[in-house]
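Examining the three-dimensional arrangement
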Amino acid sequence: MTEIFWLIPFVPAASALVLILFGRRLPKRYVSFQACGAVFVSFGLAAFSFFGLLNTSPEHGPLIKTLFSWIGVGAFKAGFSFQFDPLSAIMALVVTGVGFLIHIYSVGYMSQDKGYTRYFAHLNLFTFAMLVLVLASNMVLMFVGWEGVGLCSYLLIGFWFEKPSAAKAGMKAFIVNRIGDAGFILGILFLVMTVGSSEFSAIAAAVGNGLLSQGLATLIAILLFIGACGKSAQLPLHVWLPDAMEGPTPVSALIHAATMVTAGVYMVARLNVLYTFSGTVGPIIALVGALTAVFAATMALVQNDIKRVLAYSTISQLGYMFIGCGVGAYAAGIFHLYTHAFFKSLLFLAAGSVIHALSGEQDMRRMGGLKKYLPWTYPVFLVGAVAIAGVPFLSGFFSKDAILTRAFGQRQYVIWVLGLAGAVMTAFYMFRLIFLTFYGVERLDPEAKKHLHESPKVMTVPLAILAFFSITAGYVGLPAVLGKKADVFGRFLEPVIKPAAEGHLGLGTEWFLILISVVVALLGIFIAHTFYLKKPGIPHGLVARFPRIYKLIYNKYYVDEIYDGAVINPLITGSEWIYAHFDLKVVDGTVNNSASAVGFFGKILSYLQTGLVKDYALIFLLGIVIFIGVLLF
Amino acid sequence: MNGFGALAPLLIIVGAALVILLLDAFLKKDNKNYLACLSLFFLVVCAVFCLRSWNKNLSYFEGQLRLDNLALFLAFLFLIAVAFVMFIGMKYLTLQNVPGGEFYGLLLLALSGLMIMTSSLNFIVIFLGLEVLSVSSYALAGLKGKDEKSSESAIKYFLMGSFASAFLIFGLALLFGTAHSLEISAVLSSFRANFEGQLLGLVGLGLVIIGFAFKISLVPFHMWTPDVYEGAPTPVTAFFAVGPKAAGFAVLFRILAPYWNEGFKSGRIFDVLWTVAALTMLIGSLIGLRQKNIKRLFAYSSIANAGYMLIAVLAGDGASLIFFLTVYLFMGIGAFGSLIALSKKDREYTDLEDFAGVGFKYPWLGAIFSVFLLSLAGFPPTGGFLAKFYVFVGAVRQDLTSLVIIGVLTSLISAFYYLRIIVYMYMREPERDVDIEIENPALFLVLFLCLYGVLQLGIFPGNVLYVIRQAAASLF
Amino acid sequence: MELLFVFLIFGLLGVVLLSLNALLGPKKTNPDKEQPFECGSPYLQDEIKPFPIKFSVVAFIFLLFDIEVVFFFPWALVFKEMRPAALVIMLAYGAILPAGFVYAWKKGAFKWD
């Protein structure tokens, strides 16, 4: 087994460096070739290492490659070291694989943009940071990647920084993430203080030999989970993700669907030993996840912006992944992460294709009947929607079912019911989107209709590939009813994630649960069909009937307004008051006075610097006399 | 272990200096760049010899010349410094009409002086190296023969330098009188035998310290620094800022560090140097505030930095000192190199006012210069931050907390004048016409390398620190 | 210690007396009094002008070579103990000196104008 895997992140990094330094002088064609090529090479390396991993027995433990020792303060050491094990292998494959397709897609999507090179440079840089995050072998290096993806996300959300709303959205994402990161840093600090190292192996060992008390483990786990909430947009830190849709659509697909936002789930799964040990944190995570799943799904029901629907859907699906982690089904959580990466980036890219076709229109109220105009986009969009809705035999069905079955098996019935409710809504809002966009009457802007066209091949081919995986990706993790061996995915992850004692569900119960899932998915689709195709009057009737509720949901439960009122405005007024009364008078006064005092001494002293050698010699002599005098007496 | 290998690096440099001086005298070519290439070749050969002697502890002349790891590491630093200075000087010489091919020869001679100083444990040999260095430095300072300021700086440097040397050699005489030897260890053991009774020896040691204090510009022996820094050609100033300072501190550390472990810590030398360190930091940062000329400002900055380095000497913290010197090499040459970049034919821009708006007119230069300034001011993640951090941490461990407090306060004060340059570059409208000769690949190569060095040492210092610890281990 | 006090007291006394003189003494000046020479005839030039010191370079070079010859004395003293090595070292030393001489010559140090 070679250790070549440490090169995986550096290929995109090198490409980003070249693009940042010399990008302006390179021809566009070369830029796209290099950017996509770098990610493809990375993907090749990841695949190569992955197959190497398949052929080694898990007893070897994870492969660790320390490039150099990075921080050494006292007893604490952190190496710049990478780790390759089944979990990071899957993450690396998802990041580079989906990332590569999105790079290709971007070649078409961004072809007219004047910031073309900058875009690819940042996209490569993001890939590098994300790979550092998933390959890091300790929390400190992981934090570097964590912050790196945050930074790149900020740069890419605000990519069209001329638009004030885009620049503002970038800021919002950055600031909300800071809140989570505060918890994350504190968690790392506590970890380092108690364990003395932040290597994942050391953390697992510390849990094993009782170095870490349960209370402390809970504290650390909660602090780290706050960080995960920020990055993965869980309640109550979810507010940045919908606004992040201001960025280019491929960015939303890569960062805000497939990779960065799943970092929180990855982190929890990576530290599953710690979370299992703490015990009490699991239910909290499951509850947060379940609430987020339902809450975000309700908001997705009423959005009119096609990308925002998908954004809320992402938040909701991330909630499912956290349910998985919370009920101890880490492998199922990662499994959902993996299938979600395919169908959600497919949905985003397909939505991008729709937007592209309509010359930038994002409002579903001005779409409709696009089925015949977009013969490529429509079927792949449908595949994505069916997959996420949880219709059997597609990837989303298997992964979501794995999570819910496990929740049921753990007797977390509240979570299970919430999950089911979310699933109905998921199916509903996805098909609402499909029906509003592709079916029914055309409500197109006449100007946009003139330019209506299907996207070029460079965009549709990645869509087709993603659609293929959205259908098939689930077959590596079949439910237990089809035999113990069916869950290849879970068994592959076993070296990292110890399978917990199986909740003993009878075969009958399992079949029953699967049946319920199927019914739920079909029910959602059916309702959407009735509401938006059969009897289009119903939604309006409902809105007229429950205007308050509609308004509440439509305005996203006023969370942004609550934050404005409770936190931001008081902060602004408070800081203005402090500025006026404290800063200007006390601080500036002190600073100015001390500055002028310092300047005064400087002036006095500089009179000594006469420029005459005899004075210099005199001072020199005086210095000697004093120096020797003090030595002697 | 004895070996001719110990002599080889020195021989190469001295030989190269002679060859280059004679070549310059006989081949009267207008373009002197071939001399730079030739010197570079010799520097590389010398570096190879230095690398091969690592960990071998070679010595020659019956131990008078000793290539221990510290000497080798410093020699390596000096080689880098001189190579950088030659590169940033190449274009400068033609632009500013400095007639000298002597520049290269004298630099090599100064380099040999530096290497002699750091690779001996005998006072008289160290003195020899110091004089070789000094005499070449005087000539280097006056290289712009037609320029009044340059001549003035050379004369001032020469006068003050001879003054200091006189006291240094007087001190050596007194030391020899008491210890009957000029080996550093012999002097130490004679003090060990009878510390209080050796008043004359103490005076001698004090005078020797003063001799070095002059070279590394500690207050109150610093008065020459601003004038010389301002008047000397800028590449030479860059050399003065990093080369002699590093050698002087290394020697001072070699001489003094054993005394702290001897229980003389309450001794007066320590107290006096404590005061000198505090004064040096204060004067360096306070007077620096008043300077409008960037070269003079850097002179005071280098004085203030000498104060921080002296803290490391007082704390007996060799590794931190050497790390500081290493970082200082990169940021010093980088800062002066950026200054040189801001010049054109027959005109150098060294006033603070000249820097107004430069950040927008020359974004790359502005950005690079800002990094060096931030490093000098001690902001993370640059090397300047870590250097100060290590020195302060080491000093706190040795109960020098009050000195560290002064150090932190003065670095706050000096951060003000570094940041002021950045403010001028980015927040002022340009008032004067500043246009620069951009065609200078050698200079920009050096700037880039220095930038790399500053960031590498600030972010990933691990490997360098490992080597430095090895080097510092040979001190005791 | 007493000696030190004597020096201190007399030194201080001297400083005090001199400064008292400067402080208290009457100062009645006029332009004629301020002239360098009060000999009645007006002076011709008003300051000290720089003048060329061409011999200085020659003097420096003489000094260098003169001092360097001093090294022959210790060499002669230890010559018997380290015979072949001493010869080699002095030969190297002797080779460097002419190099300096040639350099000075080539650079025109001996040209009078």
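Preceding this section is the structure that the text describes.
Here's what I pulled together on the structure shown here. (Residues numbered from 1 in each chain as written. Chains lettered and ligands numbered in written order. Predicted model: local features only at pLDDT ≥ 70, side-chain atom pairs only at ≥ 80, totals over all residues.)

The secondary structure content of chain A amounts to 26 helices and two strands. Out of the 633 residues in chain A, the part that is buried amounts to 51%. Counting only contacts in chain A whose residues sit at least 6 apart along the sequence, the fraction spanning at least 24 positions is 81%. (Helix = DSSP H or I, 4+ residues; strand = E, 2+ residues; numbered from the N terminus. Buried ≥ 20, exposed ≤ 12 C-beta atoms within 10 Å, placed from the backbone. Contact = placed C-beta atoms within 7 Å.)

This part is about the overall build of chain C. Helices and strands together make up the secondary structure of chain C, namely five helices and zero strands. In chain C, buried positions account for 0% of the 113 residues.

Before going further, it helps to spend a moment on the interface of chain C and chain B. The partner chain B presents five residues to the six residues of chain C that form the contact. A breakdown of the residues in the side of chain C that touches chain B according to their chemical character gives four nonpolar, no polar and two charged. (Nonpolar A, V, L, I, M, F, W, Y, C, P; charged D, E, K, R; others polar.)

Let's shift gears to the interface of chain B and chain A. Contacts between chain B and chain A engage 28 residues on the former and 26 residues on the latter. At the level of elements, helix 6 (148–179), helix 8 (199–215), helix 9 (224–231), helix 11 (268–288) and helix 19 (462–473) of chain B are the ones that each hand at least two residues to the side of chain B that touches chain A. Per-element tally for the side of chain B that touches chain A: the top contributor is helix 11 of chain B, with six residues. Residues that form the side of chain B that touches chain A fall into these classes: 21 nonpolar, three polar and four charged.

Bringing the nonpolar core into the picture now. With 209 residues, the main nonpolar core has Leu133(A), Val268(A), Leu274(A), Ile323(A), Ile334(A), Leu346(A) and Phe431(A) as its most contacted residues. Here this core takes 18 residues from helix 15 (residues 330–357) of chain A, the largest share from any one element. Setting aside residues up to four positions removed in sequence, Leu346(A) forms contacts with Val380(A), Gly384(A), Leu463(A), Leu466(A), Ala467(A) and Ser470(A). By size, the runner-up hydrophobic cluster in this structure holds 203 residues, among which are Ala75(B), Tyr92(B), Ala315(B) and Phe385(B). (Core = buried A, V, L, I, M, F, W, Y, C linked by C-beta atoms within 7 Å.)

Let us now look at the environment of Glu68(C). By the secondary structure assignment, Glu68(C) is in helix 3 (residues 55–70). Sequence separation of Glu68(C) and Leu97(C) is 29 residues, and the distance between their C-alpha atoms is 8.6 Å.

Turning to the packing of helix 12 (residues 294–315) of chain B against helix 16 (residues 383–397) of chain B, a few remarks are in order. All names here are of chain B. The geometry of helix 12 relative to helix 16 is characterised by a closest axis approach of 9 Å and an angle of 35 degrees between their N-to-C directions. When you trace helix 12 past helix 16, the crossing you get is left-handed. Judged by residue contacts, Tyr 308, Ile 311, Ala 312 and Ala 315 of helix 12 engage Lys 388, Val 391, Gly 394 and Ala 395 from helix 16. (Axes fitted to C-alpha atoms, helices over the stretch in contact; angles between N-to-C directions. Left-handed = near helix turned anticlockwise from the far one by under 90°.)

So far we have only geometry, and geometry alone does not tell us how the molecule works.
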